[in-house]
Amino acid sequence: MVLKCLDGDKTNTDPSNWEPIPQALLPRLNGRFGRGYDAAPAEIKPTLLATAKLEHAVRLKRQGRE
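Since the model is a prediction, treat every value here as computed from it, not as a measurement.

Novice: I keep staring at the environment of Ile 44 and nothing clicks. Help me out?
Specialist: Take Ile 44: it is sitting in the loop between helix 1 (26–30) and helix 2 (45–62). Given a relative accessible area of 38%, Ile 44 falls into the partly exposed group. Expressed as a C-alpha distance, the spacing of Ile 44 and Phe 33, which sit eleven residues apart in the sequence, is 18 Å.

Structural data, given as structure tokens:
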């Protein structure tokens with residue numbers, strides 16, 4: 001697990017701004033084929049994160065790792 005800064009401002013230390021996510025989820029957010037989470041407008045960040053989490057869960061399920 002890693003901590004993901006939800007609003008893109010890593011200097012915002014409010015606990016509500018940080019969420020633990022699986023490290024394997026990071027490339028889906030900002031990797032080479034990611035969704036540009038950090039540069040995205042604030043209003044679509046929750047949708048991007050939810051979509052990445054869903055895709056990650058589907059991948060784990062298909063691999064039998066749930």
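Novice: Even after reading the chapter, I still don't get the confidence of the model for the protein chain, so can you show me in this structure?
Specialist: The predicted coordinates of low-pLDDT regions are not to be read in fine detail. Summary statistics for the protein chain give a mean pLDDT of 92 and a share of 98% for residues scoring 70 or more. Ranking the elements of the protein chain by mean pLDDT puts helix 1 last, at 90, and strand 2 (residues 18–21) first, at 96.

Novice: Would you explain the side chain of His 56 in this entry?
Specialist: With respect to the helices, strands and loops of the structure, His 56 is situated in helix 2. Setting aside anything within four residues of it in sequence, one finds His 56 in contact with Pro 22, Ala 24, Leu 25 and Arg 28.

Reading the values: the criteria
- Residues numbered from 1 in each chain as written.
- Predicted model: local features only at pLDDT ≥ 70, side-chain atom pairs only at ≥ 80, totals over all residues.
- Heavy atoms only, no water.
- Helix = DSSP H or I, 4+ residues; strand = E, 2+ residues; numbered from the N terminus.
- Buried < 20%, exposed > 50% of the residue type's maximum accessible area, 1.4 Å probe, protein only.
- pLDDT = per-residue confidence, 0-100.
- Contact = heavy atoms within 4.5 Å.

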